[in-house]
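Next come the chains, spelled out residue by residue.
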Amino acid sequence: MSAVLQVENLRKHFVTKKGFPRPKTVTVRAVEDVSFTIGEGEAFGLVGESGCGKSTVARALLRLIEPDAGRVLYRGEDFRAARGEALKSFRRRMQIVFQDPYSSLDPRQSIGSALVEPMRVHGIAEGAAARRRAAALLEEVGLPPAALDRFPHEFSGGQRQRIGIARALTVEPELIIADEPVSALDVSVQAQVLLLMKELRQRRGLAFLFVSHDLSVVRWFCDRVAVMYLGRIVEEGPAARVLAEPMHPYARILRDASPVPDPARRAALPRIMGEIPSAANPPPGCPFHPRCAQAMDVCSRTLPRWTPAPGEGQGGVACHLHG
Ligand code: SF4
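Remember, it's a predicted structure, so these values are computed and weren't measured experimentally.

Caption draft 1: The pairing of strand β10 (residues 232–238), seen in detail. A large share of β10 lies buried, amounting to six of its seven residues. Note that strand β9 (residues 224–229) and β10 share six bridges and pair antiparallel. In the sheet register, Met228 faces β10, and the bridge partner there is Ile233. Relative to strand β12 (residues 316–318), β10 runs antiparallel, the two being bridged by two bridges. Paired with Glu236 across the strands is Gly316, a residue of β12.

Caption draft 2: Quick peek at the nonpolar core. Ranked by internal contacts, the top residues of the largest apolar core, which has 57 residues, are Leu138, Ile165, Phe208, Phe210 and Val227. What Ile165 contacts, discounting residues up to four positions off in sequence, is Val97, Val141, Val193, Leu196, Met197 and Leu200.

Caption draft 3: How the structure looks around the UniProt feature "domain: ABC transporter" (unreviewed entry) in the chain. The UniProt entry lists residues 5–255 under the feature "domain: ABC transporter" (unreviewed entry), expressed in the numbering used here. For residues 5–255, the helix share is 37%, the strand share is 28%, and the end-to-end C-alpha distance is 26 Å.

Caption draft 4: Region of interest: the pairing of strand β6 (residues 94–97). Because side chains alternate across β6, one face comprises the buried residues Met94 and Ile96, and the other comprises Gln95 and Val97, equally buried. Across four bridges, the pairing between β6 and strand β7 (residues 175–179) is parallel. When the bridges of β7 are listed, Gln95 appears paired with Ile176.

Caption draft 5: How the structure looks around the sheet that holds strand β11 (residues 306–308). The strand order across the open sheet formed by eight strands is β6-β7-β8-β3-β9-β10-β12-β11, and the pairing between neighbours is mixed. Strand pairing shows two members of the sheet lacking a second neighbour, β6 and β11, which therefore form its edges. Within the sheet, the average angular offset between the axes of one strand and its neighbour, ignoring direction, is 20 degrees. On the sheet, helix α1 (residues 54–61) packs against β3 (43–47), β6, β7, β8 (207–212) and β9 and is oriented at approximately 145 degrees with respect to β8. Running at roughly 50 degrees to β6, helix α2 (residues 84–93) makes contact with β6 and β7 of the sheet.

Caption draft 6: Region of the structure containing unusual backbone geometry. Cis geometry is adopted by the peptide bond preceding Pro21, which originates at Phe20 and carries an omega value of 10 degrees. Phi angles above zero are rare outside glycine, and Asn9 is one such case at about 55 degrees. Position of Asn9 among the secondary structure elements: in strand β1 (residues 3–18). A positive phi angle, close to 50 degrees, is found at Leu230, a residue other than glycine. As for its placement among the helices and strands, Leu230 is situated in the loop between β9 and β10.

Caption draft 7: Region of interest: the packing of aromatic side chains. Applying the stated rule across the entire model yields nine aromatic pairs. The interplanar angle of 70 degrees and the centroid separation of 5.1 Å between the aromatic rings of Phe79 and Phe90 together place this pair among those described as edge-to-face. Separated by eleven residues along the polypeptide, Phe79 in the loop between β5 (77–78) and α2 and Phe90 in helix α2 bring together distant segments of the chain. Taken as a pair, Phe79 and Phe90 share a single burial class, namely buried. A centroid spacing of 5.0 Å and a plane angle of 80 degrees characterise the contact between Tyr229 and Phe288, whose relative ring orientation is edge-to-face. Remark: Phe288 occurs in the loop between α10 (263–267) and β11 and Tyr229 occurs in strand β9; sequence separation between them is 59 residues.

Caption draft 8: How the structure looks around the pattern of salt bridges. This structure, assessed with the given rule, holds 20 salt bridges. With its nearest N and O atoms 3.1 Å apart, the salt bridge here joins Arg291 to Glu49. On the criterion of sequence distance, the pair formed by Arg291 in the loop between α10 and β11 and Glu49 in the loop between β3 and α1 is long-range, its members being 242 residues apart. For Arg291, a relative accessible area of 4% puts it in the buried group. Across the pair Glu180 and Lys54 runs a salt bridge whose closest N-O atoms are separated by 3.7 Å. On the criterion of sequence distance, the pair formed by Glu180 in the loop between β7 and α6 (187–204) and Lys54 in helix α1 is long-range, its members being 126 residues apart. Neither Glu180 nor Lys54 differs from the other in exposure class; each is buried. A single network of salt bridges, built from pairs that share partners, joins Glu40, Arg75 and Glu174.

Thresholds applied
- Residues numbered from 1 in each chain as written.
- Predicted model: local features only at pLDDT ≥ 70, side-chain atom pairs only at ≥ 80, totals over all residues.
- Heavy atoms only, no water.
- Buried < 20%, exposed > 50% of the residue type's maximum accessible area, 1.4 Å probe, protein only.
- Helix = DSSP H or I, 4+ residues; strand = E, 2+ residues; numbered from the N terminus.
- Pairing = 2+ DSSP bridges.
- Core = buried A, V, L, I, M, F, W, Y, C linked by side-chain atoms within 4.5 Å.
- Contact = heavy atoms within 4.5 Å.
- UniProt positions renumbered as here; feature names shortened; annotations may be inferred.
- Axes fitted to C-alpha atoms, helices over the stretch in contact; angles between N-to-C directions.
- Phe/Tyr/Trp six-rings, centres within 6.5 Å; stacked < 30°, edge-to-face > 60°.
- Salt bridge = Lys/Arg side-chain N within 4 Å of Asp/Glu carboxyl O.

This is the structure in structure tokens:
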């Protein structure tokens, strides 16, 4: 499987002021040294608690925020160096579906206009032809063509997310970056939208970067998964392996805390110690050591190096237990 997207050593820090009455400059280390590869048609999950940096990765990949360092290669070409037409072409091939479908649609713009505009901008279709394509896309995501003349407020959250997906498809992307695409939706609607994305993925051969805090969703949707903690990837590998036999203590806790239909197992869930530390002041050594029940002396001093998991293509882990 050839790589669609290669991310190498991506870094993004935010410098901000905090405190009163004398605010101090602090550096929030949102993303540190993140690397992964997504193959053609592959669904790659990025999971972790809120604030772990996964949505920052998604935005930095698309340069909605500029990364500070690292390489992003799209089919081997340097996306970070692209300007003008080259940047536009990359952006056509990588589209994003946001968490909140309402704020990502302009309330004053009809659905037809929202779908036709990207086709015009990217020179794919105009006028009646673009409108026909937009109607077909709405049908593909389960909405009637009559929706073209309506406005975002006339739709439910699930329908708006379908419109967001249709809009991403207008420019025929190869890769969809889905940033918590169902977490703002009612539970009853989540499954329908996930099913739609899975069908689209199979029908169109789309690759996905699927950002989520919900491991049960990632388990169902993704081929590979990376677990993020405090801006770093701590474990990566095939979803089947990582979720069945997580090597990193944090990945294991996330796995065990994800919703399961068995109430007996739910009652036995392990508790994660303490709060996630601030990315403005990450702990030395392994960033997980203040919360890790298996922490050793070395963990508070030395950042664990990346260690391959046993077996070909099984990913790896950053933990002194396996170094
Ligand atoms: Fe726990 Fe140490 Fe592994 Fe970090 S390196 S996860 S503190 S055992």
